[in-house]
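# Structural overview for review
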Amino acid sequence: MPDAALRVRNLRKVYKDVVAVDGLDLEVQKGECFGLLGPNGAGKTTTIEICEGLTEADSGDVEALGLRWPADAGELRQRLGIQLQETQLSEKLTVLETIRLFRSFFRKGPAPAEVIAMVQLEEKQNARVGALSGGQKQRLAMACALVGDPDFLFLDEPTTGLDPQARRQLWDLIERFKLSGRTILLTTHYMDEAERLCERVAIMDHGKTIALGTPRELIASIGIEHMVEFSAGSAVRPLDVTALSRMEGVREVRMENGSVQMQVTELHRAVPALLDELGRQAVPLTELRTHSATLEDVFVALTGRHLRDE
């Protein structure tokens, strides 16, 4: 790939008896927002920290913007923007003082006031970091990552723990950065976030890539179009899940604590057949829900666990 902003080849990192990254190959194109997804412990943060130069790999090769750690460390630090999973800033400094400090680390970049306006913290520029809300601290961390006018931005779970409004404010920031033609590598546990922001995503598990493509390609790859979920009420006999799985167009059935999830190819056939089968089994039906397949359904199908279990 001639226009790759990041190339990772056969990357491996082991911590004692834990293989965090196991022969990973990855390429991120210039100008795209690339999502790195996976359950906790999949190796995402270790991978991104190696690419950022914060952790040394045991073996393998990483090339970012045509440069390598540690030989080109000085140049890479000038051209990369990094927002860590947990950014610890001095709580006694003000927002403006924090941005001025980070701006002093870089040869070029926007003025502190411009960056503060970019993340919509003008009213808080003289407030101490310790007095900011969680969403404001995340926007400040994003400002620190943008203050050097980076060509490549690393974002490790930037919206975890934020309320919906704060998340959307950060999404707007990321999309504005994308429009300027820069490159982003994003890790997140929010599949809706990845679907909205990322041109391509890779799903990792156990230190390896298990799926790669656009969100739409990955959704198509699992061979389902719709999800049917319902709760089975009390019945004389337990629900026969095997009978549901034999219904035409049903790809998989999962049951957990009385809640049933079915992967189906044709919704208009699956729902009537489901109602007939539940009637035959004399099982009452409550809370029937349907939706088109999403990236979260891909995640569940490939890793075998829901995001809520992480």
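Preceding this paragraph is the structure being described.
Let me begin by describing the structure that accompanies this report. (Residues numbered from 1 in each chain as written. Predicted model: local features only at pLDDT ≥ 70, side-chain atom pairs only at ≥ 80, totals over all residues. Heavy atoms only, no water.)

## Comments concerning unusual backbone geometry
- Backbone torsion omega between Trp 69 and Pro 70 reads -5 degrees, so that peptide bond is classified as cis.
- Here Pro 70 is to be found in the loop between β4 (59-64) and α2 (73-79).
- In this structure, Lys 16 takes a positive phi of about 55 degrees despite not being glycine.
- Tracing the backbone shows Lys 16 in the loop between β1 (4-15) and β2 (18-29).
- The exposed category is assigned to Lys 16, whose relative accessible area is 84%.
- The phi torsion at Glu 157 lies on the positive side, around 50 degrees, for a residue other than glycine.
- Relative to the helices and strands, Glu 157 is located in the loop between β6 (152-156) and α6 (164-179). (Helix = DSSP H or I, 4+ residues; strand = E, 2+ residues; numbered from the N terminus. Buried < 20%, exposed > 50% of the residue type's maximum accessible area, 1.4 Å probe, protein only.)

## Some points on the pairing of β6
- Along β6, five of the five residues are buried, which leaves the element largely enclosed by surrounding structure.
- Of the two faces of β6, the one lined by Phe 152, Phe 154 and Asp 156 and the one lined by Leu 153 and Leu 155 are each fully buried.
- Looking at chain direction, strand β5 (residues 80-83) and β6 are connected through four bridges and run parallel. When the bridges of β6 are listed, Gln 83 appears paired with Leu 155.
- Alignment of β6 against strand β7 (residues 183-187), held across five bridges, turns out to be parallel. Paired with Leu 153 across the bridge in β7 is Ile 184. (Pairing = 2+ DSSP bridges.)

## Describing the side chain of Thr 183
- Along the polypeptide, Thr 183 turns up in strand β7.
- Other than its neighbours up to four places away in sequence, Thr 183 contacts Ala 5, Val 28, Gln 29, Lys 30, Gly 31, Glu 32, Asp 151, Phe 152, Leu 153 and Phe 177. (Contact = heavy atoms within 4.5 Å.)

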